[in-house]
Structure formats: structure tokens, C-alpha cells
Amino acid sequence: MSIDYPTGVHTCCPASSVIYLTEAETKRLQVLERRYREKARLQITTRVQYYIAQMQQMHIEGICTSFSTLSIRDQKSRWGSCSSRGTLSFNYRLIFAPSRVLDYVVVHELCHLTHMNHSKDFWSLVARVMPDYKQQKHWLRDHGQELNLPEYLRRQGIDITLDE
Ligand SMILES: [Zn+2]
């Protein structure tokens, strides 16, 4: 587990507020995070399969849609990545984003299987698969920092800052 909400220590949180958690709260968050990670794995795997099928049906010349491994991580600064060995990695926090935004990251990484760069060809492939991708890309730029478990729970009305 990479979750890190140390007891009595401030954690990074976008609303510039400092949150303090009790040991019990920290444990509860860890249990929840594990569940959301599992959910993220299922959701992302489903969407990867969906878009691979979509892309194959488009019969685009020279396209590659085969990957070796799908991994779900909690990277601080990236939403996804694609290695030259065909490993797709996704940030589990995408589960807290609107589903179109999660889809955009899926499409983005799948397009890297064909173009391992951010060239014009890469972006035109992304646009072919998801014509409104720019909207999702901008959403992620503007709201990405809100995608974390404490923020998500707060939006659901679950107060986890009992010990402030
Ligand atoms: Zn990229």
C-alpha cells in the first residue's frame, strides 16, 4: 500500500487545508483505498478492452493495440503511462474522475502503443478515437489535483477530518 496519511502530520490536500487523522481514521482510509483500487482495476480494464475493440473496428492502418501488462498505481504526478514494452499503467485516482475523463486517459495510453510520443500523428489518432478529447484533457489539467480519496469522501459528505 502506498497510502500515506500519517497520524498527526499534515497531508497534502488541494484546498490548502491541513488535515489530521487519528489512527482509526487512517486505517479506515486504507481499507477504503484498497476497495477503490480494486474498483479502478475493474473499471479501467473494462474500458481498455472496450477501446481496443473500438480501435480495431476502425481499421486504421499501422495501428497497434496489443499490450503486455496493465498496472494500476498511485503515482503523484501522472495519470497514465505506456512503456516501450507495452506496459500500460493507470493512476487509480482516475476512478474519482468523470467517466469520460477516465476514458480519455485510457485512449491516450492506448494510442501510445502506436505512437510512443506526443507527435501530430499521435494527437490525430487520439482525436479519431475520441473527437472531444480536448475537453477531458482540460478537465484533468484544471481538476486533477482534486482527485484523491479524502476529497472524494468529502464531496460525498463523509467527514474524515474529525481530529482537526
Ligand atoms: Zn502521453
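Located above this text is the structure these notes cover.
About the criteria used
Residues numbered from 1 in each chain as written. Predicted model: local features only at pLDDT ≥ 70, side-chain atom pairs only at ≥ 80, totals over all residues. Core = buried A, V, L, I, M, F, W, Y, C linked by C-beta atoms within 7 Å. Buried ≥ 20, exposed ≤ 12 C-beta atoms within 10 Å, placed from the backbone. Helix = DSSP H or I, 4+ residues; strand = E, 2+ residues; numbered from the N terminus. Contact = placed C-beta atoms within 7 Å. Pairing = 2+ DSSP bridges. Axes fitted to C-alpha atoms, helices over the stretch in contact; angles between N-to-C directions. Parallel < 35°, antiparallel > 145°, perpendicular 65-115°, else oblique. Left-handed = near helix turned anticlockwise from the far one by under 90°. Nonpolar A, V, L, I, M, F, W, Y, C, P; charged D, E, K, R; others polar.

Let's talk about the nonpolar core
Judged by nonpolar contacts, the single largest core of 25 residues is most densely connected at Leu94, Val105, Val107 and Val129. Counting residues per element, the ones that place at least two in this core are α1 (23-57), β3 (87-91), α2 (99-112) and α3 (120-129). Looking at this core element by element, the count peaks at eight residues for α2. Residues within four places of Leu94 in sequence aside, it is in contact with Ala40, Trp79, Leu102 and Val105.

Some points on the sheet that holds strand β1 (residues 69-73)
If you walk across this open sheet you meet the three strands as β1-β3-β2, and the pairing is mixed. For this open sheet the edge positions go to β1 and β2 (80-82), each flanked by a neighbour on one side alone. Each adjacent strand pair in this sheet contributes to an overall mean axis angle of 15 degrees, direction not counted. With five bridges joining them, β1 and β3 adopt parallel strand pairing. Within β3, the residue paired with Ser71 across the bridge is Ser89. Of the strands in this sheet, β1 and β3 touch α1, which is tilted by about 145 degrees from β1. Those strands touched by α2 are β2 and β3, and its axis lies near 15 degrees from that of β2.

Quick word on the packing of α2 against α3
Between α2 and α3, the least distance of the axes is 9 Å, while the angle of their chain directions is 135 degrees. With respect to each other, α2 and α3 are oriented oblique. Considering only the axes of α2 and α3, their crossing is right-handed. Contacts between α2 and α3 involve Val107, His108 and Cys111 from the first element and Phe122, Leu125, Val126 and Val129 from the second. Residues belonging to the contact of α2 with α3 are distributed by class as follows: six nonpolar, one polar and no charged.

Side note on the packing of α2 against helix α4 (residues 133-143)
Here α2 crosses α4 at 105 degrees, and the two axes come no closer than 9 Å. On the basis of the axis angle, α2 is roughly perpendicular to α4. In contact with Arg100, Val101, Tyr104 and Val107 of α2, α4 contributes Tyr133, Gln136, Lys137, Trp139 and Leu140.

Here's the deal with unusual backbone geometry
Even without glycine at this site, His59 takes up a positive phi of about 50 degrees. Judged by the 7 C-beta atoms lying within 10 Å of it, His59 falls in the exposed class.

Here we look at the pairing of β3
The pairing of β2 with β3 spans three bridges and is antiparallel. What sits directly across from Cys82, in β3, is Leu88. Linking β2 to β3, which pair antiparallel, is a turn of four residues; within it Gly86 sits at a positive phi near 85 degrees.

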